[in-house]
Amino acid sequence: QSALTQPASVSGSPGQSITISCTGTSGDVGGYNYVSWYQQHPGKAPKLMIYDVSYRPSGVSNRFSGSKSGNTASLTISGLQADDEADYYCSSYTSSSTVLFGGGTKLTVL
Amino acid sequence: EVQLLESGGGLVQPGGSLRLSCAASGFTFSSYAMSWVRQAPGKGLEWVSVIYSGGSSTYYADSVKGRFTISRDNSKNTLYLQMNSLRDEDTALYFCAKDYRTSSWSQFDCWGQGTLVTVSS
């Protein structure tokens, strides 16, 4: 199984909004609403930011939002802040009862 | 406070074996599916395996199927990963991860800090 497809990098200035895409197939992203997004700062464990495509766990800023259309999910971060600079990974449940992660996107806050 | 603490990593030769452990606390361990996720140095996340709450069902990534075995001891609140026939490409930081809710799995709201496995001669 190949990883979900994410852009390698995105960037934005403080206060701006950015969107990270995550493309899979009908056997994963398109077939299930178990799509999640994780934030990982260097040397740290990943942190769940979005689950079930568009829901935020308690404590996660409402500047983070998720959506899905067909086989592509998206993470949008509005009002960019310096601390948002990190790696972001999407993941999806699959028809094989496994989990696929995206390759990761490095977000740079200019 | 929910905590996951991995141990058991280290340096092992190709073809060797290693057993990882993950001690859980702060939640009802027996109610949640648990997974192992790894990250090779400088690379992305790769899901490795899951075990359902009661231990009755397990699933593996194709890259480790037949070589790794996941298990759990709910009486000890501990998750395990037995790794056999290790290869260079198994070198990674191994995280244990707790599922977000009890009624399904695949989304992880708590992660340990990881234990490093290095496969090298």
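Report follows, based on the coordinates. From a predicted model like this one, the values you see are computed outputs, not experimental measurements. (Residues numbered from 1 in each chain as written. Chains lettered and ligands numbered in written order. Predicted model: local features only at pLDDT ≥ 70, side-chain atom pairs only at ≥ 80, totals over all residues. Heavy atoms only, no water.)

**Examining the overall build of chain B**
Then, in step 1: The secondary structure content of chain B amounts to 0 helices and 11 strands.
Then, in step 2: Principal-axis analysis of the C-alpha atoms gives chain B an extent of 40 × 25 × 25 Å.
Then, in step 3: Within chain B, the proportion of its 121 residues that are buried is 48%.
Then, in step 4: Considering only residue pairs separated by 6 or more positions, chain B has 53% of its internal contacts joining residues 24 or more positions apart.
Then, in step 5: Summed over its atoms, the accessible surface of chain B is roughly 5,300 Å², and 44% of this surface lies on carbon and sulfur atoms.
Then, in step 6: Considering chain B, the positive charge centre built from 10 side chains and the negative charge centre built from 10 side chains are found 4 Å apart. (Helix = DSSP H or I, 4+ residues; strand = E, 2+ residues; numbered from the N terminus. Buried < 20%, exposed > 50% of the residue type's maximum accessible area, 1.4 Å probe, protein only. Contact = heavy atoms within 4.5 Å. Areas by Shrake-Rupley, 256 points an atom, 1.4 Å probe, with all protein chains shown as cover. Lys, Arg positive; Asp, Glu negative; His and termini not counted. Charge placed at Lys NZ, Arg CZ, Asp CG, Glu CD.)

**Quick word on the sheet that holds strand β5 (residues 64-69) of chain A**
Strands belonging to one sheet form pairs held by backbone hydrogen bonds; the direction of such a pair is parallel or antiparallel.
All names here are of chain A.
Then, in step 1: In spatial order, the strands read β2-β6-β5; together these 3 strands make up an open sheet with antiparallel pairing. The two strands at the open ends of the sheet, each matched to only one other strand, are β2 (18-23) and β5. This sheet shows a mean twist of 20 degrees between the axes of neighbouring strands, independent of strand direction.
Then, in step 2: Note: β2 against strand β6 (residues 72-77), 6 bridges, orientation antiparallel. Within the sheet, the bridge partner assigned to Ile-18 lies in β6 and is Ile-77. (Pairing = 2+ DSSP bridges. Axes fitted to C-alpha atoms, helices over the stretch in contact; angles between N-to-C directions.)

**A few points about the packing of aromatic side chains**
Then, in step 1: Summed over all chains, the structure comprises 15 aromatic pairs over all chains.
Then, in step 2: Relative to B:Tyr59, the ring of B:Tyr52 lies with its centre 5.9 Å away and its plane at 50 degrees, an arrangement referred to as tilted.
Then, in step 3: Accessibility expressed as a relative area gives 26% for B:Tyr52, which makes it partly exposed.
Then, in step 4: Grouping aromatic residues by their ring pairs yields a cluster made of A:Tyr32, A:Tyr34, A:Tyr93, B:Trp47 and B:Trp105.
Then, in step 5: The ring of B:Tyr80 has B:Arg19 lying over it, and the distance from NZ or CZ to the ring centre is 3.9 Å. (Phe/Tyr/Trp six-rings, centres within 6.5 Å; stacked < 30°, edge-to-face > 60°. Lys NZ or Arg CZ within 6 Å of the ring centre and 35° of its normal.)

**Regarding the interface of chain B and chain A**
Then, in step 1: Every contact between the two is made by 22 residues of chain B and, on the other side, 22 residues of chain A.
Then, in step 2: Here chain B packs against chain A, burying approximately 1,800 Å² in sum over the two surfaces, 59% of which is carbon and sulfur.
Then, in step 3: Contact with chain A buries area across many residues of chain B, yet B:Leu45, B:Tyr100 and B:Gln107 alone supply 31% of it, more than any other trio.
Then, in step 4: Along the contact surface separating chain B from chain A lie 1 salt bridge.
Then, in step 5: Applying the counting rule to chain B against chain A returns 7 residue pairs in polar contact (both at pLDDT 80 or more).
Then, in step 6: Across the side of chain B that touches chain A, the residue classes break down as 10 nonpolar, 7 polar and 5 charged. (Buried area = accessible area lost by both parts, 1.4 Å probe. Salt bridge = Lys/Arg side-chain N within 4 Å of Asp/Glu carboxyl O. Polar contact = N/O pair within 3.5 Å; in protein donor to acceptor, adjacent residues only side chain to side chain. Nonpolar A, V, L, I, M, F, W, Y, C, P; charged D, E, K, R; others polar.)

**Some remarks on unusual backbone geometry**
Residues and elements named next belong to chain A.
Then, in step 1: A positive phi is found at Val-53, a non-glycine position, where the angle reads about 75 degrees.
Then, in step 2: When its relative accessible area of 9% is taken as the criterion, Val-53 is described as buried.
Then, in step 3: The backbone of Ser-97 shows a phi angle near 60 degrees, a positive value even though the residue is not glycine.
Then, in step 4: Looking at the secondary structure, you find Ser-97 in the loop between β7 (86-93) and β8 (99-101).

**Side note on the state of the cysteines**
Residue and element names in this part refer to chain A.
Then, in step 1: Following the criterion strictly, the structure yields 2 disulfides over all chains and no others.
Then, in step 2: Note that Cys-22 is cross-linked by a disulfide to Cys-90, the S-S spacing being 2.0 Å. Across the disulfide from Cys-22 to Cys-90, rotation about the S-S bond amounts to roughly 75 degrees, and the bridge is consequently right-handed. Linking Cys-22 in strand β2 with Cys-90 in strand β7, this pair joins segments that are 68 residues apart in sequence. (Disulfide = S-S within 2.5 Å.)

**Some words on the sheet that holds strand β7 (residues 68-73) of chain B**
All names here are of chain B.
Then, in step 1: One open sheet holds the 4 strands; their spatial order is β1-β3-β8-β7, and the pairing between them is antiparallel. Edge positions in the sheet fall to β1 (3-7) and β7, since each has one partner strand and no second. Across this sheet, the average inter-strand angle for adjacent strands is 15 degrees, counted without regard to direction.
Then, in step 2: Inspection of the sheet shows strand β3 (residues 18-25) paired to strand β8 (residues 78-83) by 6 bridges, in the antiparallel sense. Looking across to β8, one finds that Ala-23 is bridged to Thr-78.

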